[in-house]
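Report on the structure
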Amino acid sequence: MDGFSFWDGLVWLFGLTVPLLYLQRQLHREIQLTFFFITRHPTVTMGIFALLFLPGVLIHEVSHLLMAWILRVPTGRLSLLPRFLPEGKVQLGAVETAPADIFRDALIGAAPLITGGALVAYLGASRLGLLPLFEAIRSHNNDLFWSLLKHLPELPDFWLWFYLTFTISTTMFPSEADRRAWLPVLGIGASLGMLAWLSGAGGWLSGTFAPLLAQVIQVGISISAISLVLHLALWFPFRLLRAVFQGNARITG
C-alpha cells in the first residue's frame, strides 16, 4: 500500500481508525443482542460472546503477560473468563501486573495492539488478500473491487482465516486501564521533541525519525483498512439477524 505522503497518511489513518472504533462497538452490540434474543438469558449470552472472541482475548492478555515478563514486571493471575462490570460493561479477560514506571506501563498496555496489529497485517494480507480490496476502493475501481470480493471465499481455508483475523482485530485495542500511562508518556515525548526543535535539532529529528514514522503510519493504515473491511462484512448480517430475532421476540412476547 504505497503512495501516501506523510500528512496524507495521517489523514487516512485517522479516517480509517475512528470509523473502525465506532463500528467495533456497534458490531459487538449487534452480536450480543442477537445472542440475547436467541437465548433470552444475559449470562448465557455473555458466555457465548466470550467464547466467540476467545482467540483474540487470549492473544490480548498473553501479549500483556509477555511484555511484562520482558520488562521484568511481576505478574499475577491470568483470567479468560467474562466478568460483568459497572455501567453494563463486560470484561472478557484480565491479567494482573504489578505497578511500574509509566514507560513500562505504557509498553505493557500497548502490547496487544502491537501483537494483534502484526497478526492482522500478516493474516489479512497473506491469507485473505484484503489489501487489494482497499486499493480498489482508494482508486475508485468498482469493477476490480467486486471481482476481488467475489473470489475471496475461494481462497484456501478462507473462513478459518477470516474468523481468526476478525477476532484478533476486534480485541487488539487497549482498554481504558491499558491506556492510563499513554498520556504522560506522550506528553514527555512531545516536550522533549519541542526542546530539541527549539535547540536547533529540528532538521536532524525530521530527517531521522520522519521516515520511520511514515512507515509506522503506513502499517497502521494497512491494519485499520483490513480490520474495517472485516467489521463491515459482519455488521450488516448481524444487524439483520438481530432485527429478525427482535421482531420475533416482540410477536411471541
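As a starting point, this report considers the structure included with it.

Cut-offs used in this document
Residues numbered from 1 in each chain as written. Predicted model: local features only at pLDDT ≥ 70, side-chain atom pairs only at ≥ 80, totals over all residues. Heavy atoms only, no water. Helix = DSSP H or I, 4+ residues; strand = E, 2+ residues; numbered from the N terminus. Buried < 20%, exposed > 50% of the residue type's maximum accessible area, 1.4 Å probe, protein only. Contact = heavy atoms within 4.5 Å. Areas by Shrake-Rupley, 256 points an atom, 1.4 Å probe, with all protein chains shown as cover. Salt bridge = Lys/Arg side-chain N within 4 Å of Asp/Glu carboxyl O. Core = buried A, V, L, I, M, F, W, Y, C linked by side-chain atoms within 4.5 Å. Axes fitted to C-alpha atoms, helices over the stretch in contact; angles between N-to-C directions. Parallel < 35°, antiparallel > 145°, perpendicular 65-115°, else oblique. Left-handed = near helix turned anticlockwise from the far one by under 90°. Nonpolar A, V, L, I, M, F, W, Y, C, P; charged D, E, K, R; others polar. Expected span 1.5 Å × (residues − 1). Phe/Tyr/Trp six-rings, centres within 6.5 Å; stacked < 30°, edge-to-face > 60°. Patch = residues over 30% accessible without salt bridge, like charges linked within 9 Å, V, L, I, M, F, W, Y side chains within 5 Å.

1. Here we look at the overall build of the protein chain
Helix and strand content of the protein chain: eight helices and four strands. Order of helices (α) and strands (β) in the protein chain, N terminus to C terminus: α-α-α-β-β-β-β-α-α-α-α-α. Looking at the protein chain residue by residue over its 253 residues, the buried ones come to 35%. Taking all contacts inside the protein chain whose residues are at least 6 apart in sequence as the whole, residues at least 24 apart take part in 75%. Approximately 15,000 Å² of the protein chain is accessible, and the part contributed by carbon and sulfur atoms is 69%.

2. As for the pattern of salt bridges
Evaluated as defined, the whole model comprises five salt bridges. With its nearest N and O atoms 2.7 Å apart, the salt bridge here joins Arg104 to Asp101. One salt-bridge network, in which partners are shared between bridges, spans Arg29, Glu30, Arg239 and Arg242.

3. Considering the nonpolar core
Of all hydrophobic cores here, the largest spans 28 residues; its most connected members are Ile31, Phe53, Leu128, Leu130 and Leu230. Leu20, Leu23, Phe134 and Ile217 belong to the second largest nonpolar core, which has eight residues in total.

4. Here we look at the environment of Pro42
As for its position among the elements, Pro42 is in helix 2 (residues 42-52). For Pro42, a relative accessible area of 45% corresponds to the partly exposed category. In the structure, Pro42 is positioned 10 residues away from Gln32 in sequence and 9.0 Å away in space, judged by C-alpha atoms. Excluding residues that lie within four positions of it along the chain, Pro42 makes contacts with Phe36 and Phe84.

5. So, the packing of helix 5 (residues 131-138) against helix 6 (residues 142-151)
Remark: helix 5 packs on helix 6, axes separated minimally by 8 Å, with the N-to-C direction vectors making an angle of 160 degrees. With respect to helix 6, the axis of helix 5 lies roughly antiparallel. The interaxial crossing formed by helix 5 with helix 6 has left-handed handedness. Mapping the contact onto sequence places Pro132, Leu133, Ala136 and Ile137 in helix 5 and Leu144, Phe145, Leu148 and Leu149 in helix 6. Across the contact of helix 5 with helix 6, the residue classes tally to eight nonpolar, no polar and no charged.

6. Comments concerning helix 3 (residues 54-70)
The first and last C-alpha atoms of helix 3 sit 24 Å apart over 17 residues, in line with the 24 Å expected at 1.5 Å per residue. Burial in helix 3 covers these residues: Gly56, Val57, His60, Glu61, Ser63, His64, Leu65, Met67 and Ala68. Against the buried residues of helix 3 lie strand 1 (75-79), strand 4 (94-97), helix 4 (102-127) and helix 7 (158-171). Following helix 3 by one or two positions, Arg72 has its phi on the positive side, about 60 degrees.

7. As for the side chain of His231
In this fold, His231 is placed in helix 8 (residues 182-252). With residues up to four places along the chain from it excluded, the contact list for His231 reads Leu20, Leu23, Gln24, Leu27, Phe166, Ser169 and Thr170.

8. A short note on the side chain of Arg242
Along the chain, Arg242 turns up in helix 8. Here Arg242 falls in the buried class, since its relative accessible area comes to 12%. If we skip the residues at most four places from it in the chain, Arg242 touches Arg29, Glu30, Leu33, Thr34 and Phe37.

9. Considering unusual backbone geometry
Positive phi values are uncommon outside glycine, yet Arg40 reaches one of about 60 degrees. Checked against the element boundaries, Arg40 lands in the loop between helix 1 (6-39) and helix 2. Arg40 gets classed as partly exposed once you look at its relative accessible area, which sits at 44%. Even without being glycine, Arg72 reaches a positive phi, approximately 60 degrees.

10. A few points about the packing of aromatic side chains
The full count for this structure, using the stated rule, is six aromatic pairs. Three or more aromatic residues joined by ring pairs form one cluster here, namely Phe49, Phe53 and Phe166.

11. Things to note about a nonpolar patch on the surface
A contiguous nonpolar patch, built from Ile102, Phe103, Ile188, Leu192 and Leu195 and spanning about 450 Å² of accessible area, is present on the exposed surface. Within the residue set of the nonpolar patch, elements represented by two or more residues are helix 4 and helix 8. Of all the elements, helix 8 adds the most residues to the nonpolar patch, at three residues. Residue Leu195 is classed as exposed on the basis of its relative accessible area, which comes to 55%.

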